[in-house]
Amino acid sequence: QVQLVESGGGLVQAGGSLRLSCAASGSSLSITAMGWYRQAPGKQRESVATITLGGSTYYANAVKGRFAISRDNANTVYLQMNSLKPEDTAVYYCNAYDSRRTLYWGQGTQVTVSS
């Protein structure tokens, strides 16, 4: 079983920046891809960014050029969010796959961008 613990959410003004962190622990299996999703009130959860074990990245069109996903080891992932907009307001969730392709989710962290 993998546990994902997120941190770094909060309240920021439009145009500001936040950095989210997510640390995975608890399993002897290797973590492969990790990523971030978000869910705004009344909307479906959507993918924001993903990074593979090899470092390949994917970004949703809405955040390209403003957000950057990175990993500093196999089990910790970051999301640097710049030029934040009110429409970025959401609960942000970290997820991760292990080597058996089991998907795990974090508990979520609130990001609120004021106009």
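Since the structure is predicted, the reported quantities are computational estimates derived from the model, not experimental observations.

**Q** How should the state of the cysteines be read in this particular structure?
**A** Disulfide: a covalent bond connecting the sulfur atoms of a pair of cysteines. For the structure shown, the criterion picks out one disulfide. There is a disulfide in this structure between C22 and C94, and the S-S distance comes to 2.0 Å. One disulfide, between C22 and C94, carries an S-S torsion of -80° and so falls in the left-handed class. Of the two residues, C22 sits in strand β3 (residues 18-25) while C94 sits in strand β9 (residues 90-98), which places them 72 residues apart along the sequence.

**Q** In this structure, what is going on with the side chain of N95? I would like to understand it.
**A** Along the chain, the position of N95 falls in strand β9. With relative accessibility at 6%, the residue N95 sits in the buried group. Ignoring sequence-local partners within four residues, the contact set of N95 consists of L4, A33, M34, G35, W36, Y37, L103, Y104 and W105.

**Q** What am I meant to see in the pairing of strand β1 (residues 3-7) here?
**A** Consecutive residues of a regular strand have side chains that alternate between opposite faces of the sheet. Side chains L4 and E6 of β1 all project onto a buried face; the interleaved residues Q3, V5 and S7 project onto a face where none is buried. Here five bridges tie β1 to β3, and the two strands are oriented antiparallel to one another. Paired with V5 across the strands is A23, a residue of β3.

**Q** Just to check I follow, could you spell out the sheet that holds strand β7 (residues 67-73) for this structure?
**A** Hydrogen bonding along the main chain pairs the strands of a sheet, whether they run parallel or antiparallel. Read from one edge to the other, the open sheet built from four strands follows the order β1-β3-β8-β7, with strand pairing classed as antiparallel. Of all strands in the sheet, those bounded by a partner on one side alone are β1 and β7. Averaged over neighbouring strand pairs, the angle between their axes works out to 20° when direction is ignored. As judged from the six bridges shared by β3 and strand β8 (residues 76-81), these two strands associate in the antiparallel manner. For L20, the partnering residue across the bridge sits in β8 and is L79.

About the thresholds
- Residues numbered from 1 in each chain as written.
- Predicted model: local features only at pLDDT ≥ 70, side-chain atom pairs only at ≥ 80, totals over all residues.
- Heavy atoms only, no water.
- Disulfide = S-S within 2.5 Å.
- Helix = DSSP H or I, 4+ residues; strand = E, 2+ residues; numbered from the N terminus.
- Buried < 20%, exposed > 50% of the residue type's maximum accessible area, 1.4 Å probe, protein only.
- Contact = heavy atoms within 4.5 Å.
- Pairing = 2+ DSSP bridges.
- Axes fitted to C-alpha atoms, helices over the stretch in contact; angles between N-to-C directions.

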